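# Breakdown of the fold
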Amino acid sequence: MLKKILVRKNAYFDSVTLMSLGSKIKKMDGVSQAVVVMATEMNREILMNVGLGNQETEAAGPNDLVLAVEAESETFLSAAFAEIEEKLAGSQDKKKNRDNVYKTQEEALKDGVKANMAVISVPGRFAAREAKKALKNGMHVMLFSDNVTVEQERELKELAREKGLFVMGPDCGTAVINGTGLCFANKMRKGAIGIVGASGTGLQEVLVQIDRLGGGIAQALGTGGRDLKESIGGIMMMEGIKALDAEEQVKVLVLVSKPPEAAVEETIWNLLRQVKKPVVVCFLEGKKRENLPANICMASTLLEAAKKAVALEKGVEYTEGIRDRSREIQKESMDLKPEQRYVRGFFCGGTLCAEALIVLRERLTELRSNVSHHEEEILEDARDLKGNVLLDLGEDEFTNGRPHPMIEPSLRTEWIVDAAKDPAVGVILLDVEIGYGSHENPAQIAAEGIRQAKETAKAAGRNLKVVVYVCGTDKDRQNLEEQRAILAGEGAILADSNVEAAQLAAQLLGNQKGGKNR
Amino acid sequence: MKINDLFQQELTVLNIGAPNFKADLDLQGISAHQIQWMPPAEGDLELIEQLDAFCDREDIKEANQEAFSRILKGSPVLVGMERAIDVIPGMTKNTILHSGPPIGWDRMCDPVKGAVVGALIYEGRAENEEEARQLAASGEITFSPCHEHSAVGPMAGIISPSMPVHIVENKTYGNRAYCTVNEGLGKVLRFGAFDQSVIARLRWIETEFMPVMQKAIRIHGEIDLKVITAQAVQMGDECHNRNKAATCLFFRELVLSMLKTGFPGQQIEKAIDFIRGNDHYFLNLSMPACKSILDPANGIPNSTIVTAMARNGVDFGIQVSGLGKKWFTAPANYVQGLLFPGYDDQDANPDLGDSAITETTGIGGFAMGASPAITQFVGGTVEDAVNYTRSMYTITTGENSAYALPPMDFRGAATGIDLLKVLDSGTLPVINTGIAHRVAGIGQIGAGIVNPPRECFVKALKEYGKVRG
């Protein structure tokens, strides 16, 4: 038998607490005797009587706590003391499952809340601070907030890497972790595809297309748009690749991003060369790369990335191209007058705008966009639109002080109606996002704009074609089919992907760059 | 890879910001807790920078742990009762101590002035109010905060040289703290009353009550105030506004010894009846007990723990361990609560008294969750009280298991207010307190909840940055 007797000076506990604790300890395996008491005269006597008293307990007073245990072995003894410590340290109050609202992270943690992920959407100048706290408390971070400085981002990501944690963001809109959609995400089939994405709607479109093609998602990690810049060094892209590569349920990796900056590009490729699993790399508007390892393929659009990933997941051949709707579109285009030569795209999703630009660049002339990095495509003045124009309405210049159009799509209506007044406009191209985070009924808002636009054009003796893509899965809470039906009700032409929507718009305008005439 | 552990765990989320993200997680059946976020330090970026610089410093953490442990180890016992002039350090025949941070006669609020007048009449330094006011204004009298003389006083907190004071000793550290005898309710000096009945009671306390108490304490031996406080907290006191249980326990402890003092029967009877009839007798023991516990925690160079909060009816002042005895003051707030019938908001004096020493120690407003009876008195529900108590864990260093709160499953009282945590969280300490009429002598007109002005903490942090940055 082993004994351990501790005296804690000036540590008062009430006798009821101590009695119940003492009897619990006594019932533990391998414990033959346990006395947990304040050292009152009576208790000191008890301690002596059961052989757990000593000089120290005799010298102790009524404000001193005595912890005395007799057990069969060192293991049982330390188990008993561990239990005593736990019971004395924490009352049960904090462990109750309460749906409390807390003012700070510390308050929640002190109250016993356990979390492994912090989703942060506070104003940018405070966001890094919250993220740092979360990391220090061992949480992964999804940083939805923007306006976090590059220095802060780097510091956070370095800290995260050191601690073995993710920092998704800043300005990260979408992630799917263990089947749960965070912020702006779609309800997905579970599967074996793992994605690391540096863009929000881009990631969403890949998710949606994977789901539509019958594939499934294991994990989708966001990195935030600046991760592959030299100043950040692709820290989270690399951590994400390593994590997905190590993850058993992931069979196929997909990377979605703008092209990395030169200094980061080689690091990423060096890492990818060590990955044994098949990888689909979609660096939108990136240069084609030659001599790829056999397990790596490139995709130039989000749709292509999704199709290649699903083919790899299912072990089937990848086939190019999308369904042919030329007959239907040709018929529609008959309604347009010869001077209606242009498309106006108004996008809520920035990456969808960029992808449409890639598709239309090959098909239309006089193309401009506020997301383009090609000099000849740069849009001079968003208030004076000329030619074919694709606008990302989620850019700061339009959202200043207002909610993002994915949350509040009504800010798009006046753009649509204005475009309808321009006699040179024949086609309006729109995206509608559904899923977690998005508006309750975005199709209704878009439909309202479409109706007004069509009426406006009609009054001027023209017809107007509107092509819409609803980005969402049939499992999303807004109900994909109902959303599409609302839009179809206003005569919109519905596409199944963002790429298809852009292609349909080009076809309606007769594929100005050497395509078929209408 | 540690990062992959996440993929094997159930996702549990802390949602900091937009609540709709939590709503979507709820839809997915994911456990998500909402942080109702507000800008830290009220969005003052300079202050936030300072907070961030300090929040990770090991030396500060260690210093705060030391201060916290000194508070926990404090062991206050009542050892005797003597005239202030005989025991209080720095007391002279021309000194009058008052509650709160330093204040001169000209700036004092009316209840404090009234109490000063009463004290000067009681001391025989003035015949009447007019003489007393002249003397007080003459510069002959030294006004000084109780806190600067190891003492504390409720409300006006006036201690004059002849007043008997309880002597409380912190057995662990050997320091002492002092507080007068609680006079009861109604017309009393601490609310600025100074008529004949008030003066007569003060004289009776000095000449008849004190001798009985002195001898009774000698017969009984020291009385452990921590044990009484701990038990009273279990019985529904928070030992600031509610001292019913504590007074009963104290009375039960001492009454036999009082009977054994051998003084004339009537004198003993009156002394016993005086304690028996005053629910707040123990307040004037609870306060010096807290003071004696906190004093050893002051003066730890890097500690950001608040060691005193006190009000003089004009200013609210705090002291911080690492900044020693320096006061950081701002205009005192008005107490929000219930007023007795016949009074309205215009009648109330701003926050007054040293009794916030109880909150500084982790009881009083901090322990309201364990004192359902007081919630009615200060206005509010039991749930409010529990929430007040819960929120205090955000701004404190640890829990004091000596004061275990039954309705909170015996969680220890939130103890060791940390300046940094107060500013970071924006949660101010909760004090529950009496409301004094702004005119001297009318007395208590209600009770309620009050916070210290945030400004006190901002000033203290700025100073801390200068001294320890």
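Look above for the structure.
A brief report on the enclosed structure follows. Worth saying up front: this structure is predicted, and the values here are computed from it rather than measured.

Turning to the overall build of chain B, a few remarks are in order. Counting secondary structure elements, chain B contains 17 helices and 17 strands. The C-alpha atoms of chain B give a radius of gyration of 23 Å, which matches the 23 Å a tight globule of 469 residues would have. For chain B, the spread of C-alpha atoms along the three principal axes comes to 80 × 45 × 45 Å. Buried residues in chain B amount to 63% of all 469 residues. Taking all contacts inside chain B whose residues are at least 6 apart in sequence as the whole, residues at least 24 apart take part in 71%. By element, 50% of the accessible surface of chain B is carried by carbon and sulfur atoms, the whole surface being about 16300 Å².

With that out of the way, let us pick up the pairing of strand β5 (residues 140-143) of chain A. Residue and element names in this part refer to chain A. Burial along β5 is two-sided: H140 and M142 facing one way and V141 and L143 facing the other are all buried. In this structure, strand β4 (residues 117-120) lies alongside β5, joined through four bridges in parallel fashion. For M117, the partnering residue across the bridge sits in β5 and is H140. Following the backbone out of β4, through helix α6 (residues 124-136) and into the adjacent parallel β5, one traces a crossover that is right-handed. Strand direction decides the pairing type here: β5 and strand β6 (residues 167-168), joined by two bridges, are parallel. Bridging from a neighbouring strand, V141 pairs with V167 of β6. A crossover connection joins β5 to the parallel β6 through helix α7 (residues 150-163); in handedness this β-α-β unit is right-handed.

Right, let's talk about α7 of chain A for a bit. Residues and elements named next belong to chain A. Relative to the 20 Å expected for 14 residues at 1.5 Å per residue, α7 spans 20 Å between its end C-alpha atoms, a close match to the ideal helical length. Along α7, the positions that sit buried rather than exposed are E153, L156, K157, L159 and A160. Projected onto a plane normal to the axis of α7, the buried residues spread over an arc of 160 degrees and lie on a single side. Opposite its buried face, α7 presents the exposed residues E151 and E162, each directed more than 90 degrees away. Those residues of α7 hidden inside the fold are in contact with α6, β5, β6 and α9 (235-246). G164 sits one or two residues past α7 and shows a positive phi near 70 degrees.

Tallying the contact residues gives 69 residues for chain A and 65 residues for chain B. Three residues stand out in chain A for area buried against chain B, namely Y12, K103 and R129 of chain A, and they jointly supply 12% of the buried area on that side. Between R477 of chain A and D24 of chain B there is a salt bridge, with its nearest N and O atoms 3.7 Å apart. Connecting chain A to chain B are 29 residue pairs in polar contact (both at pLDDT 80 or more).

Now for the side chain of S425 of chain B. Positionally, S425 of chain B belongs in helix α16 (residues 419-425). Take S425 of chain B: its relative accessible area is 7%, and that puts it in the buried class. At a separation of 2.8 Å, a polar atom in the side chain of S425 of chain B contacts the main-chain carbonyl oxygen of K421 of chain B. Excluding residues within four positions of it along the chain, S425 of chain B makes contact with T104 of chain A together with M38, T394 and I395 of chain B.

Let us now look at the side chain of E183 of chain B. All names here are of chain B. One can find E183 in the loop between β7 (176-180) and α8 (196-220). Engagement of the side chain of E183 in a polar contact is seen with the backbone nitrogen of L189, the distance being 2.7 Å. Side-chain polar atoms of E183 contact the backbone nitrogen of R190, separated by 3.3 Å. In this structure, E183 is in contact with V188, L189, R190, V198, R201, L202, F274 and N278, ignoring residues within four places of it in sequence.

The next point concerns the layout of surface pockets. Gaps left between atoms show up when a probe the size of a water molecule is rolled over them. Of the voids in this model, the second largest pocket is the one considered here, and its volume is about 1100 Å³. Lining the second largest pocket are 34 residues, with E106 and K133 of chain A together with C55, D56 and D424 of chain B sitting closest to its centre. For the lining of the second largest pocket, the secondary-structure elements that each account for two or more residues are α5 (105-110), α6 and α7 of chain A together with α3 (45-55), α4 (58-73) and α16 of chain B. Residue composition of the lining of the second largest pocket, grouped by class: 11 nonpolar, eight polar and 15 charged.

Here the focus is a negative patch on the surface. There is a patch of like negative charges on the surface, built from D146, D171, E395, D396 and E397 of chain A. The topology assignment puts D396 of chain A in helix α14 (residues 396-399).

Reading the values: rules and limits
Residues numbered from 1 in each chain as written. Chains lettered and ligands numbered in written order. Predicted model: local features only at pLDDT ≥ 70, side-chain atom pairs only at ≥ 80, totals over all residues. Heavy atoms only, no water. Helix = DSSP H or I, 4+ residues; strand = E, 2+ residues; numbered from the N terminus. Rg over C-alpha atoms; globule rule 2.2 N^0.38 Å. Buried < 20%, exposed > 50% of the residue type's maximum accessible area, 1.4 Å probe, protein only. Contact = heavy atoms within 4.5 Å. Areas by Shrake-Rupley, 256 points an atom, 1.4 Å probe, with all protein chains shown as cover. Pairing = 2+ DSSP bridges. Right-handed = clockwise from strand over helix to strand, strands pointing away. Expected span 1.5 Å × (residues − 1). Arc of directions from axis to C-beta. Buried area = accessible area lost by both parts, 1.4 Å probe. Salt bridge = Lys/Arg side-chain N within 4 Å of Asp/Glu carboxyl O. Polar contact = N/O pair within 3.5 Å; in protein donor to acceptor, adjacent residues only side chain to side chain. 1 Å grid on protein atoms, 1.4 Å probe; cavity = no way out; pocket = protein on both sides within 12 Å on 5 of 7 lines; lining within 4 Å. Points joined across faces, edges and corners; volume = space filled by probe spheres on them. Nonpolar A, V, L, I, M, F, W, Y, C, P; charged D, E, K, R; others polar. Patch = residues over 30% accessible without salt bridge, like charges linked within 9 Å, V, L, I, M, F, W, Y side chains within 5 Å. Lys, Arg positive; Asp, Glu negative; His and termini not counted. Charge placed at Lys NZ, Arg CZ, Asp CG, Glu CD.

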